[in-house]
Amino acid sequence: MAKKQRPAKPRVIVTRRLPPNVEARMAQLFDASFNIGDVAMSHADLAHAMAQCDVLVPCISDPIDAALIEGAPERLQLIASFGSGVDHIDLTAARKKGIIVTNTPGVLTEDTADMTMALILSVPRRLAEGEKLVRTGEWRGWSPSGMLGHRIGGKKLGIIGMGRIGRAVARRARAFGLSIAYHNRHRLPFEVEQDLEAEWHGDLDALLTGSDIVSIHCPLNADSRGLIDARRVGLIQQHAYLINTSRAEITDEQALIAALDEGRIAGAGFDVYTHEPAIDQRLLALPNVALSPHMGSATFEGRDATGARVIANIRTWVDGHRPPNQVLEGWV
């Protein structure tokens, strides 16, 4: 496929508000337009935007499906996603159309690992329950049997997906006295396992049955969608906790809610939900669940770094080179 002419100052449409300094830099470098209202665009709004730009900068909340990509004019040449995940973009359709897709891997690793560790601490120690007790005025003071939870030191943490974030979580967890087991598509090199003091489980079922805390860190794709289905939810020990700061679609949310409600799992911490921003009302009623509003990567530093990576991808593309974070190398 012949390379298309790349404009020196491309028309760039950003689907959501970004940090002010990122928007200011984009406005200097590109013919940039921003979503001032910061409301998620509808399918029609996205189609309209894609028809008017050379570069689209969507976020994970923007489903860029095959219909949108197929209907986009030849002018649209680059989708520079703001975020590391690309499960919201139909990559096959983009490839067929000759549209380059980029993301921003690595910049949010430490932030997401921090949030994961916060949930790992919060759920067994019942911090969400305790905070609610204080805010509602129902707390009646200290007592030897009040708000008892479980210590995490000496427990086994099972990590599903040992990429950048999984490894960052493992490093933090070791400092809290957790032993580390992991399941990954490919086993880590021996030296990395030694450094993390991590034990590989090629059998995911064995990892689930042998862990006191399970934390999900694999990306959402065809292989991982529904990975923790109802059968595997049933393998998690009754005293164990499940943490998900990755993607809700990796799990069977309904099966998890039922297990939590029936006491077949001790508790859970969720930062992601199947139908965001809507949350199943049964989750809100469960006392053994800590809920956060998809804020795992929500730091000023992380957002600025993500914006800088998006700008670098666009500028490299404008200069006629392959963007540093092009998804599926070899696309042109």
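This is a predicted model, so every value here is computed, not measured.

On the basis of which strands lie adjacent, the open sheet formed by 5 strands has the order 2-1-3-4-5 and parallel pairing. Each having just a single partner strand, strand 2 (31-34) and strand 5 (100-102) make up the two edges of the open sheet. Across the sheet, the mean angle separating the axes of adjacent strands is 15° when strand polarity is ignored. One ladder, built from 3 bridges, connects strand 4 (residues 78-80) with strand 5; its direction is parallel. Along strand 5, the bridge assignment pairs A80 with T102. Of the strands in this sheet, strand 1 (11-14) and strand 2 are in contact with helix 1 (residues 20-29), which crosses strand 2 at around 145°.

With that out of the way, let us pick up the pattern of salt bridges. The tally for this structure, following the rule as stated, stands at 17 salt bridges. The partner of E110 in a salt bridge is R172, with the nearest N and O atoms 2.6 Å apart. Taken together, the residues span a long stretch of sequence, with E110 in helix 5 (residues 109-122) and R172 in helix 7 (residues 164-175) at a distance of 62 residues. Overall, E110 belongs to the partly exposed group, its relative accessible area being 37%. When its relative accessible area of 19% is taken as the criterion, R172 is described as buried.

For the rest of this paragraph, the subject is the packing of helix 1 against helix 13 (residues 300-318). Viewed as axis vectors pointing N to C, helix 1 and helix 13 meet at an angle of 15°, and their least axial separation amounts to 9 Å. One element, helix 1, and the other, helix 13, form an angle in the roughly parallel class. With respect to the hand of their crossing, helix 1 and helix 13 are arranged in right-handed fashion. Between helix 1 and helix 13, the residues in contact are N21, V22, R25, M26 and L29 and R303, D304, G307, V310, I311 and R315, respectively. Considered class by class, the residues forming the contact of helix 1 with helix 13 number 5 nonpolar, 2 polar and 4 charged.

Looking now at the layout of surface pockets. Where empty space is left can be seen by rolling a probe of water-molecule size over the atoms. The volume enclosed by the second largest pocket comes to roughly 300 Å³. Every element with two or more residues in the lining of the second largest pocket is listed here: helix 6 (127-135), helix 12 (281-285) and strand 12 (289-291). The element best represented in the lining of the second largest pocket is helix 6, accounting for 5 residues. Within the lining of the second largest pocket, the residues separate by chemical class into 10 nonpolar, 1 polar and 4 charged.

Residues V134, W139 and W142 make up a contiguous nonpolar surface patch of about 440 Å² in total accessible area. With respect to the helices and strands, V134 occurs in helix 6. The class for V134 is exposed, based on a relative accessible area of 54%.

Attention now goes to the domain arrangement of the protein chain. Taken domain by domain, the protein chain comprises domain 1 (11-103 + 299-319) and domain 2 (109-291). With centres defined by C-alpha atoms, the gap from domain 1 to domain 2 works out at 32 Å.

To continue, consider the UniProt feature "domain: D-isomer specific 2-hydroxyacid dehydrogenase catalytic" (unreviewed entry) in the protein chain. Those residues carrying the UniProt feature "domain: D-isomer specific 2-hydroxyacid dehydrogenase catalytic" (unreviewed entry) are residues 24-327 in this numbering. The span residues 24-327 is 37% helical and 13% strand by assignment, and the distance between its end C-alpha atoms comes to 26 Å.

Pairing within the open sheet is parallel, and its 7 strands lie in the order 8-7-6-9-10-11-12. Taken across any chain shown, the strands that pair with only one partner, and hence form the sheet edges, are strand 8 (198-200) and strand 12. Averaged over neighbouring strand pairs, the angle between their axes works out to 20° when direction is ignored. Taken together, the 3 bridges between strand 11 (residues 267-270) and strand 12 define a ladder with parallel strand orientation. Residue pairing across strands places F270 opposite L291, the latter belonging to strand 12.

Procedures and definitions
Residues numbered from 1 in each chain as written. Predicted model: local features only at pLDDT ≥ 70, side-chain atom pairs only at ≥ 80, totals over all residues. Heavy atoms only, no water. Pairing = 2+ DSSP bridges. Helix = DSSP H or I, 4+ residues; strand = E, 2+ residues; numbered from the N terminus. Axes fitted to C-alpha atoms, helices over the stretch in contact; angles between N-to-C directions. Contact = heavy atoms within 4.5 Å. Salt bridge = Lys/Arg side-chain N within 4 Å of Asp/Glu carboxyl O. Buried < 20%, exposed > 50% of the residue type's maximum accessible area, 1.4 Å probe, protein only. Parallel < 35°, antiparallel > 145°, perpendicular 65-115°, else oblique. Left-handed = near helix turned anticlockwise from the far one by under 90°. Nonpolar A, V, L, I, M, F, W, Y, C, P; charged D, E, K, R; others polar. 1 Å grid on protein atoms, 1.4 Å probe; cavity = no way out; pocket = protein on both sides within 12 Å on 5 of 7 lines; lining within 4 Å. Points joined across faces, edges and corners; volume = space filled by probe spheres on them. Patch = residues over 30% accessible without salt bridge, like charges linked within 9 Å, V, L, I, M, F, W, Y side chains within 5 Å. Areas by Shrake-Rupley, 256 points an atom, 1.4 Å probe, with all protein chains shown as cover. Domains from an automatic or database assignment. UniProt positions renumbered as here; feature names shortened; annotations may be inferred.

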